[in-house]
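Letter by letter, the chains look like this.
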Amino acid sequence: MSPVEKRSVTIRGHRTSYSLEKPFYDDLVAIAATRKLTLAALVAEVDETRPRDTNLSSALRLYVLEWAKHAERI
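Source: prediction; values computed, not measured.

About the criteria used
- Residues numbered from 1 in each chain as written.
- Predicted model: local features only at pLDDT ≥ 70, side-chain atom pairs only at ≥ 80, totals over all residues.
- Heavy atoms only, no water.
- Salt bridge = Lys/Arg side-chain N within 4 Å of Asp/Glu carboxyl O.
- Helix = DSSP H or I, 4+ residues; strand = E, 2+ residues; numbered from the N terminus.
- Contact = heavy atoms within 4.5 Å.
- Core = buried A, V, L, I, M, F, W, Y, C linked by side-chain atoms within 4.5 Å.
- Buried < 20%, exposed > 50% of the residue type's maximum accessible area, 1.4 Å probe, protein only.

**Some remarks on the pattern of salt bridges**
- Counted according to the given criterion, the structure contains 8 salt bridges.
- Note that Arg 7 is salt-bridged to Glu 5, the shortest N-O span being 2.9 Å.
- In this structure, the salt-bridge partner of Asp 26 is Lys 22, at a minimum N-O distance of 3.0 Å. One end of the pair is Asp 26 and the other is Lys 22, both in helix α1 (residues 22-34) and 4 residues apart, which spans about a single turn.
- Taken together, the shared-partner salt bridges in this structure form one network comprising Arg 12, Asp 47, Glu 48 and Arg 50.

**Here we look at the environment of Val 43**
- By the element assignment, Val 43 lies in helix α2 (residues 39-49).
- Residues Val 43 and His 70, spaced 27 residues apart in sequence, show a C-alpha to C-alpha distance of 19 Å.
- The contacts of Val 43, once residues within four sequence positions are left out, are Val 9, Ile 11, Tyr 18, Leu 28, Leu 56 and Leu 60.

**Remarks on the nonpolar core**
- Among the nonpolar cores identified, the biggest contains 17 residues, and Tyr 18, Leu 28, Leu 42, Val 43 and Leu 60 are the most heavily contacted of them.
- The element contributing the most residues to this core is helix α3 (residues 56-73), with 5 residues.
- Leaving out residues up to four positions away in the same chain, Leu 28 has contacts with Leu 20, Leu 39, Leu 42, Val 43, Leu 60, Tyr 63 and Val 64.

**Some details on the environment of Lys 6**
- Inspection of the secondary structure puts Lys 6 in strand β1 (residues 4-11).
- Judged by relative accessible area, Lys 6 falls into the exposed class, the value being 65%.
- Counting along the chain gives 48 residues from Lys 6 to Thr 54, while the straight-line C-alpha distance between them is 17 Å.
- Contacts of Lys 6, omitting those with residues within four sequence positions, involve Ser 17, Tyr 18 and Ser 19.

Taken by themselves, the reported measurements are silent on function.
Structural data, given as structure tokens:
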């Protein structure tokens, strides 16, 4: 299993961090590239739409999972 790595990002002028395993991070980077977004913009989008009782790291993992499920149907 891949170790969890902590990363920092600035969202709307506020510095925050999230922790992801490398496979999730790699997929997040690939999704951002596919959508022609910066990684920070994608993370900000997920942050904006996540339920407030869900932490950012979990929301990012769920976003990657949903993206993968959708890709399988295409």
